[in-house]
Amino acid sequence: MQKKIILITGVLLTIIISFTLFKILYNDVSPLGGLSLQFDNLQVKEKAIQFLKEQGIEIKDRIAEVKLKRNNELQEFIQQKYGVEKSNELSRAGFPVYYWNARLLNESDEVVISNNSQKELKQGSERDIFIKYALDGSLLEFENEQDDSSALEQLEIEDARREAELFISRINPSLKLIPDSAYYKMMDKSTLQDDQIFIFQGQTVIPKVFRNDYEFKWTAFSSVTNKKINLIAIIAGTRLSRFSITYETDKIPDSTNYFTTISIILFIIVITILLIITAYRRIKASELGFKAALWVGLLYAVSFGFTLYSEVNLAKGWQSLIPLVFGGLFLGGAAILTWAISESLGRDVWKEKFIGSDLFFNGHLLNSRLSESILRGIQFGTALAAFWLILLFISGSVMNYSNIQNEAKDLTAIHSLIPAFTLLNNHFFEHMFMIPVFFIFTVSGLRRRISNDIVLLIVCGIIWGAVNESDIKPIYLGVILNSIIGILLTYVFYKFDLVTAAITVFTVFPLLGGFVFLNVEGGAYSQPALVLILIYAGIVLLAITGYLTKDKLSDLDSITPVFVKNINERQRMQRELEIARDVQMSFLPKSNPDFKGLDVAAKCYPALEVGGDYYDFVRISENKLGVIIGDVSGKGTQAAFYMTLTKGFLKAISKTSDSPSEVLKLMNELFYDNVERGTFISMIYGVFDNEKKNFRLARAGHNPVIVRNSSKGNVETLNPTGLALGLEKGTLFSKAISEVEINYSPNDIFVLYTDGFTEAMNKKQEEFTEERLLDSVHKLSGFSAEESIQKIHKEVSSFIGKAPQHDDMTIVIVKVNEG
């Protein structure tokens, strides 16, 4: 209980400290810190409609769409010039980085225009009406373009200019329109700001089919950008069809987007290929499960539908449902496959990471294990969000940088009808794929290949930093900062579990965007701020309740997916093979014998499956060396066990006689009495006698010995008769076994091998064969025993190519030295 109280207290303190840091740093370092919203989207909609009425424009059968937008080019320019803190300060003071965009979509192809002093006119129009407001409510742009072929009542150009000036003075009395530069030099400018003094630059006649439109242009000088401010008004007929105030900036290269785009594309290509390969292998092994994946796919499809609904006007007809249905099916299906494949790989690497997700997808929401993961995720998420602001603050104190945050996630939420839910959904939709793709698939896959924990964290962090969209410039700063976050997120998954990592992600990013609701002055967004607080508070309270409640489920294995049993069985077999391989390799000689007059080398090239290949050396006397090679029937731990038994028998018997056939007879008796029927071992035992310069050997059903005679320059085989050990008690074996003797001279080569060499197959299912091995031995003149082994193995490897090796390849080569 004390441990639980400590965790809960730590979570609550982390939230309090993090929100305190948010309050201190958010306005200065967050790209959304420049928002000072005096209106919400509904109020802007009413303001736009009222404005049109004041202009004598009656709205009929139009749908009003209001969105909060950002002038990315302008914000990036002033961030690069002054830094994020100053940029936010200017934005809150009214500099038009952010603006409301009201769009009235045409549904009836008819707009009725009325004027008290003019007769009512009608004309067809298929164009939408646009109105842009700065956050303080001042008009930035108005566009109501008329059809080019419409015949409208015509004004003279001077009357049109007066109409434009009248409109400008009416909508923004603080703007001062100057007729020309000469007049500007004569006037008293002490009461006006430079940004408010617009000097007339000229007028242009725009010919239409049945009329002439007039464009008038004024410019001012911005004290913020040190660039021009352009004011343009266009009169169509007798009315204003367009008004705009735009700020000139220097064009900044868009290298960050190129880097991010290329990184994401490469990442997607590599991950897709690896997912396909993994899926093929997992399907063959029946190691895919879809229970959790189906829930993920359904949630993702619903999230996509909500996202599309908030961006697409569904009132336009049933056609707008097509992308909703097919897009949802496609993305939901992709999410299902991605999660299923990633989960299979992840459970193969560290199944303990999925206990919390198993509890969640099986409905055990109040289990203490799951609740602990949720609490830690919220704790790390709030701390990481505050840490991100600290990183931005430190970066801003060292250098000016720009940070153009993706408006699709956060600004969309602000102008939606349900801001809090839209914000959460936007981040869920964006980051949901990163949970299986990055944490489960990428981190788990790299964990199998990178044993050093620190290296693993750094590599995964760099991948996160490179592929996560970041509009921080200079580009290296964005990659560095995001890589630091990636390292910390990877550590959360590595140290804890999948649920903790997922909750961390779904806390840190919505919090960075959602704090703007708490930061807005005037109470325009107090309701979504309250909703967001209540959602997270509810999750925290639910998790605390589950953490302190006694668990109803104690057998966690009962909720483990069925397909995991196949993974566990494969891992059990792999562990068995590893044990057998360790046993096999431990009983082989650690080094080649140093025996006067002979150059001896041996090598075992193990296959994926453990066989029973065995070789050994027995120093019988100062002049006699026994050489043994064998192959136990079967594979796995049983073969390794019988090989161990064989080694013990041989070590005991070889001292009793220097006759190879007698040793094998005794070996057969012991082997037959101590192993189950059906198990046997093929073996060759030979003795090199340096005093007599001869080699005696007996063969118990094994491959023949290959001899390269240096004096004759030919290759021959020694193939005495004999049965494999363990097939028969002794009488038949004793009659079958024979012994041969051959004299040797300097540079003669003796090759003992197992059938892994001769039966090695390429992709065409062709064997290397004994004939090819004889030819390889024939070419060994002038090489040492060790070099000869390497030559033979290279030829076999070249022959089989990329085909898998199905059996151990063991070889012993003895070369007679000169002198």
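Cut-offs used in this document
Residues numbered from 1 in each chain as written. Predicted model: local features only at pLDDT ≥ 70, side-chain atom pairs only at ≥ 80, totals over all residues. Heavy atoms only, no water. Helix = DSSP H or I, 4+ residues; strand = E, 2+ residues; numbered from the N terminus. Rg over C-alpha atoms; globule rule 2.2 N^0.38 Å. Buried < 20%, exposed > 50% of the residue type's maximum accessible area, 1.4 Å probe, protein only. Contact = heavy atoms within 4.5 Å. Areas by Shrake-Rupley, 256 points an atom, 1.4 Å probe, with all protein chains shown as cover. Lys, Arg positive; Asp, Glu negative; His and termini not counted. Charge placed at Lys NZ, Arg CZ, Asp CG, Glu CD. Phe/Tyr/Trp six-rings, centres within 6.5 Å; stacked < 30°, edge-to-face > 60°. Pairing = 2+ DSSP bridges. Axes fitted to C-alpha atoms, helices over the stretch in contact; angles between N-to-C directions. Salt bridge = Lys/Arg side-chain N within 4 Å of Asp/Glu carboxyl O. Core = buried A, V, L, I, M, F, W, Y, C linked by side-chain atoms within 4.5 Å. Expected span 1.5 Å × (residues − 1). Arc of directions from axis to C-beta. Polar contact = N/O pair within 3.5 Å; in protein donor to acceptor, adjacent residues only side chain to side chain. Parallel < 35°, antiparallel > 145°, perpendicular 65-115°, else oblique. Left-handed = near helix turned anticlockwise from the far one by under 90°. Nonpolar A, V, L, I, M, F, W, Y, C, P; charged D, E, K, R; others polar. Patch = residues over 30% accessible without salt bridge, like charges linked within 9 Å, V, L, I, M, F, W, Y side chains within 5 Å.

(A) The overall build of the protein chain, seen in detail. Within the protein chain one finds 25 helices and 24 strands. Rg of the C-alpha trace for the protein chain: 41 Å, well past the compact-globule value of 28 Å for 819 residues, more than 25% over. Seen through its C-alpha atoms, the protein chain measures out along the principal axes to roughly 130 × 65 × 55 Å. Expressed as a percentage of its 819 residues, the buried residues of the protein chain come to 51%. Sequence-distant contacts in the protein chain: of pairs separated by 6 or more residues, those separated by 24 or more amount to 72%. Of the accessible surface of the protein chain, which amounts to about 38,000 Å², a share of 57% is contributed by carbon and sulfur atoms. Positive and negative side-chain charges in the protein chain, numbering 83 and 92 respectively, have mean positions lying 3 Å apart.

(B) Structural detail: unusual backbone geometry. Lys473 connects to Pro474 through a cis peptide bond whose omega is 10 degrees. As for its position among the elements, Pro474 is in the loop between strand 14 (472-473) and helix 16 (475-495). Phi is positive for Asn226, which is not a glycine, with a value near 60 degrees. Here Asn226 falls in the partly exposed class, since its relative accessible area comes to 39%.

(C) Layout of the packing of aromatic side chains. A complete count under the given rule lists 32 aromatic pairs for this structure. For the ring pair Tyr300 and Phe433, a centre distance of 4.9 Å and an interplane angle of 85 degrees mean the geometry is edge-to-face. Linking Tyr300 in helix 8 (residues 291-311) with Phe433 in the loop between helix 13 (419-431) and helix 14 (434-447), this pair joins segments that are 133 residues apart in sequence. Residue class for Tyr300 comes out buried when judged on its relative accessible area of 5%. According to the relative accessible area criterion, Phe433 is partly exposed, its value standing at 22%. With 4.1 Å between their ring centres and 20 degrees between their planes, Phe688 and Phe695 make a pair best called stacked.

(D) Spatial organisation of the sheet that holds strand 17 (residues 624-632). The 5 strands lie next to each other as 16-17-18-19-22, forming an open sheet whose pairing is antiparallel. A single partner strand is all that each edge strand has here, and the edge strands are strand 16 (613-619) and strand 22 (739-743). Across this sheet, the average inter-strand angle for adjacent strands is 15 degrees, counted without regard to direction. Bridge count between strand 19 (residues 694-700) and strand 22: 5 bridges; the pairing is antiparallel. Looking at strand 22, one finds that Arg696 is bridged to Glu741. The strands touched by helix 21 (residues 660-674) are strand 18 (681-689), strand 19 and strand 22; relative to strand 18, the strand with the most contacts, the crossing angle is about 150 degrees.

(E) View of the pattern of salt bridges. The tally for this structure, following the rule as stated, stands at 28 salt bridges. Across the pair Arg282 and Glu287 runs a salt bridge, and its minimum N-O distance is 3.1 Å. The two residues Arg282 and Glu287 agree in class, both being buried. Here the salt bridges share partners, and the residues they tie into one network are Arg282, Glu287, Asp348, Arg448 and Arg570.

(F) Main features of the nonpolar core. Leu35, Trp100, Ile131, Phe142, Trp339 and Ile414 are the most contacted members of the largest nonpolar core, which totals 124 residues. Top element by residues in this core is helix 17 (residues 498-519). It accounts for 12 residues. Sequence-distant contacts of Phe142, that is, excluding residues within four places in its chain, are made with Phe51, Leu52, Ile57, Ile129, Phe130, Ile131, Phe167, Leu240, Ser241, Arg242 and Phe243.

(G) Layout of helix 5 (residues 157-171). The end-to-end C-alpha distance of helix 5, which contains 15 residues, comes to 21 Å, matching closely the 21 Å that a straight helix rising 1.5 Å per residue would cover. What helix 5 keeps buried is the set Ala160, Arg161, Ala164, Phe167 and Ile168. Take helix 5 and look down its axis: the buried residues cluster within an arc of 120 degrees, on one side only.

(H) View of the environment of Ser788. Examined against the element boundaries, Ser788 turns out to sit in helix 25 (residues 785-800). Along the sequence, Ser788 and Asp555 sit 233 residues apart, while their C-alpha atoms lie 59 Å from each other. Excluding residues within four positions of it along the chain, Ser788 makes contact with Leu780, Phe783 and Ile813. One polar contact links the side chain of Ser788 to the main-chain carbonyl oxygen of Ser784, over a distance of 2.7 Å.

(I) Expanded view of the sheet that holds strand 6 (residues 129-134). Taken in spatial order, the 9 strands of this open sheet run 2-3-6-7-12-11-10-9-8, and their pairing is mixed. The open sheet is flanked by strand 2 (62-70) and strand 8 (176-178), the only strands paired with a single partner. Here the strands of the sheet are splayed against their neighbours by 25 degrees on average, with no regard to which way each runs. Across 3 bridges, strand 7 (residues 139-143) lies against strand 12 (residues 239-247) in antiparallel orientation. The residue bridging Phe142 from the neighbouring strand is Phe243, located in strand 12.

(J) View of the packing of helix 3 (residues 72-82) against helix 4 (residues 84-92). It is the contact of helix 3 with helix 4, at a shortest axis distance of 7 Å, that shows an interaxial angle of 130 degrees. Relative to helix 4, the element helix 3 lies oblique. Between helix 3 and helix 4 lies a crossing of right-handed hand. On helix 4, the residues touching Gln75, Ile78, Gln79 and Tyr82 of helix 3 are Val84, Lys86, Ser87 and Leu90. A per-class count over the contact of helix 3 with helix 4 returns 4 nonpolar, 3 polar and 1 charged.

(K) Expanded view of the packing of helix 1 (residues 2-29) against helix 11 (residues 368-398). Between helix 1 and helix 11, whose axes approach to 8 Å, the crossing angle comes to 25 degrees. By the angle between their axes, helix 1 is roughly parallel relative to helix 11. Note on packing geometry: the crossing formed by helix 1 with helix 11 is left-handed. Here the contact of helix 1 with helix 11 is built from residues that sort into 18 nonpolar, 6 polar and 4 charged.

(L) Structural view of a nonpolar patch on the surface. On the surface, a nonpolar cluster with roughly 500 Å² of combined accessible area is contributed by Ile265, Ile269, Val270, Ile273, Leu274 and Ile277. Of note, Leu274 is situated in helix 7 (residues 255-284).

(M) Summary view of the environment of Leu727. Along the chain, the position of Leu727 falls in the loop between strand 21 (714-718) and helix 22 (731-736). Through-space distance from the C-alpha of Leu727 to that of Glu430 is 67 Å; in sequence the pair is 297 residues apart. When neighbours within four sequence positions are excluded, Leu727 is seen to be in contact with Asn668, Tyr672 and Phe680.

(N) How the structure looks around the pairing of strand 24 (residues 809-816). The buried fraction of strand 24 is high, at 8 of 8 residues. The side-chain alternation of strand 24 yields two buried faces, one formed by Met809, Ile811, Ile813 and Lys815 and the other by Thr810, Val812, Val814 and Val816. Looking at chain direction, strand 15 (residues 598-605) and strand 24 are connected through 8 bridges and run antiparallel. Counted as the bridge partner of Lys603 is Ile811 from strand 24. Sheet topology places strand 23 (residues 749-753) next to strand 24; 5 bridges connect them, and they run antiparallel.

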